[in-house]
Amino acid sequence: MRLYGVIGWKNAGKTGLMERLVREITGRGLTVSTVKHTHHSFDVDQPGKDSWRHRNAGASEVILASRNRVAHMIEMRDAPELRLDQLLARLAPVDLVLVEGYKRESHPKIEAFRAGTGNPLIAQDNATVRAVASDTPLVLDRPVFDLNDTQAITDFILAEVGLARAAE
């Protein structure tokens, strides 16, 4: 499975870039899945709903299914966080998996960077960052794209993972 990451500090534009990349890549006829890492506790379920009640009662896993969507919830309780490779193994095959976060993993990445956040570039200390998408001009030892140039960023990523021809 081909894999490419989008990393950056909070408010750097990661999620907006991910959204635009998914739209652009699927618009070129390729299939895409995404994995997003968060450092926060989150819940896709709603208190009082049946699936929430199942989890609250102690179910380890709950699958909520309809003809339009399937949600598979795993209650980790005291188990260690699943590694990226374990999560990827659960995905159905697609042309490309885009990963938001997981900056310490070994897959290739592009860094979303906004100068106004005041954060340093991750790329300077991370060789897996193959390019930077920035809202300000930068001089680096790797490609720098305008943060909003979705087509150029997509072309770069698809070339990096060997899918440039498939999208033509």
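Note: the structure precedes this text.
First things first, this report covers the structure right here in the doc. (Residues numbered from 1 in each chain as written. Predicted model: local features only at pLDDT ≥ 70, side-chain atom pairs only at ≥ 80, totals over all residues. Heavy atoms only, no water.)

1. Brief notes about empty space enclosed by the protein
- The final tally for this structure, using the stated rule, is one cavity of 30 Å³ or more.
- In this structure, the largest cavity encloses a volume near 30 Å³.
- If you trace the largest cavity, you find it lined by Trp9, Ala12, Glu111, Ala112, Phe113, Arg114, Thr117 and Asn119.
- When the residues that make up the lining of the largest cavity are grouped by side-chain class, the tally is four nonpolar, two polar and two charged. (1 Å grid on protein atoms, 1.4 Å probe; cavity = no way out; pocket = protein on both sides within 12 Å on 5 of 7 lines; lining within 4 Å. Points joined across faces, edges and corners; volume = space filled by probe spheres on them. Nonpolar A, V, L, I, M, F, W, Y, C, P; charged D, E, K, R; others polar.)

2. As for the side chain of Lys14
- With respect to the helices, strands and loops of the structure, Lys14 is situated in helix 1 (residues 14-27).
- Nearest to the buried, unbridged Lys14 among oppositely charged side chains is Glu100, at 4.8 Å.
- In this structure Lys14 touches Val6, Ile7, Gly8, Trp9, Glu100 and Ala112, once residues within four positions along its chain are discounted. (Helix = DSSP H or I, 4+ residues; strand = E, 2+ residues; numbered from the N terminus. Buried < 20%, exposed > 50% of the residue type's maximum accessible area, 1.4 Å probe, protein only. Lys, Arg positive; Asp, Glu negative; His and termini not counted. Salt bridge = Lys/Arg side-chain N within 4 Å of Asp/Glu carboxyl O. Contact = heavy atoms within 4.5 Å.)

3. Remarks on the sheet that holds strand 6 (residues 109-113)
- Strand order in this open sheet of six strands is 2-5-1-6-7-8, and the pairing throughout is parallel. Every other strand in the sheet has two partners, leaving strand 2 (32-36) and strand 8 (144-146) as the edge strands with one partner each. Here the average twist between neighbouring strands, direction ignored, is 25°.
- Pairing geometry for strand 1 (residues 2-7) and strand 5 (residues 96-100), over five bridges, is parallel. Opposite Gly5, over in strand 5, you have Val99 as the bridge partner.
- Packed onto the sheet, helix 1 meets strand 1, strand 2, strand 5, strand 6 and strand 7 (129-134) and runs at close to 170° relative to strand 5. (Pairing = 2+ DSSP bridges. Axes fitted to C-alpha atoms, helices over the stretch in contact; angles between N-to-C directions.)

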